[in-house]
Amino acid sequence: MNILFFLTPKSEVAVVEEDDTLRQVLEKMEHHGYAAVPLITKDGKYVGTITEGDVLRKLHRDDFPSLKQMEDIPVMDVIRRRDNRPVHISTDMEGLVDRALNQNFVPVVDDDSVFIGIVTRKDLIQYLRGQCRRYENTL
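Residues numbered from 1 in each chain as written. Predicted model: local features only at pLDDT ≥ 70, side-chain atom pairs only at ≥ 80, totals over all residues. Heavy atoms only, no water.

Chemist: What am I meant to see in the side chain of D54 here?
Modeler: Within the element layout of this structure, D54 appears in helix α2 (residues 52-61). There is a polar contact of 3.0 Å between the side chain of D54 and the backbone nitrogen of R81. Discounting residues that sit within four places of it in the chain, D54 has contacts with T49, V78, I79, R80 and R81. (Helix = DSSP H or I, 4+ residues; strand = E, 2+ residues; numbered from the N terminus. Polar contact = N/O pair within 3.5 Å; in protein donor to acceptor, adjacent residues only side chain to side chain. Contact = heavy atoms within 4.5 Å.)

Dropping the structure here:
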């Protein structure tokens, strides 16, 4: 099975860009209800993952700045504790599942490391559950 079957394209994913501010990050995460979002460069390359924990640690280190002050804090000043490792678009299902074991979502990149979307662990589990049900019905 091709991993594109599971891909949520970049156009449907909330992302943070390298020139965003801490306030923009918080607003995107809150608006979409995400605990983690991909971080990409201006030219679309995947950099890493910003998590709520990363943001909270930054706020704590900066003595909890106001929203106005957060407009002057670049997202690149946030120390990321753990980035979701991406897979290449040609990765096989085994490689995708291996990566999803330890990540809520798996970023997918092309040959130039350009971010093209994500595969969520939830989508993989739903697919595998369906496969198990189909198998059980054949017994």
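Let's pick the thread back up.
Chemist: Sorry, what's going on with the side chain of D20 here?
Modeler: Within the element layout of this structure, D20 appears in the loop between β2 (16-17) and α1 (22-32). Among the polar contacts listed, one links the side chain of D20 to the side chain of K28, at a separation of 2.8 Å. Filtering out sequence-adjacent residues up to four positions away, D20 remains in contact with K28, I73, P74 and V75.

Chemist: Can you walk me through the pairing of strand β3 (residues 36-40) in this structure?
Modeler: A regular strand carries its side chains on alternate faces of the sheet. By the criterion of burial, β3 is predominantly enclosed, with 4 of the 5 residues buried. Bridging between β2 and β3 involves 2 bridges; their strand directions are parallel. The partner of E17 across the bridge, within β3, is I40. Across 5 bridges, the pairing between β3 and strand β4 (residues 46-51) is antiparallel. Residue pairing for β4: I40 is matched across the bridge by Y46. Hairpin geometry of β3 and β4 is characterised by an intervening segment of 5 residues between the two adjacent antiparallel strands and by a positive phi of about 90 degrees at G44. (Buried < 20%, exposed > 50% of the residue type's maximum accessible area, 1.4 Å probe, protein only. Pairing = 2+ DSSP bridges.)

Chemist: Mind showing me how you'd approach the packing of aromatic side chains here?
Modeler: To describe a pair of aromatic rings, one takes the distance between the centres and the angle between the planes. Per the counting criterion, the structure on display carries 4 aromatic pairs. A centroid spacing of 6.0 Å and a plane angle of 65 degrees characterise the contact between F5 and Y127, whose relative ring orientation is edge-to-face. On the criterion of sequence distance, the pair formed by F5 in the segment before β1 (8-9) and Y127 in helix α5 (residues 121-138) is long-range, its members being 122 residues apart. Residue class for F5 comes out exposed when judged on its relative accessible area of 57%. A centroid spacing of 6.2 Å and a plane angle of 25 degrees characterise the contact between Y46 and F115, whose relative ring orientation is stacked. One end of the pair, Y46, is in strand β4; the other, F115, is in strand β7 (residues 115-120), with 69 residues separating them in the sequence. (Phe/Tyr/Trp six-rings, centres within 6.5 Å; stacked < 30°, edge-to-face > 60°.)

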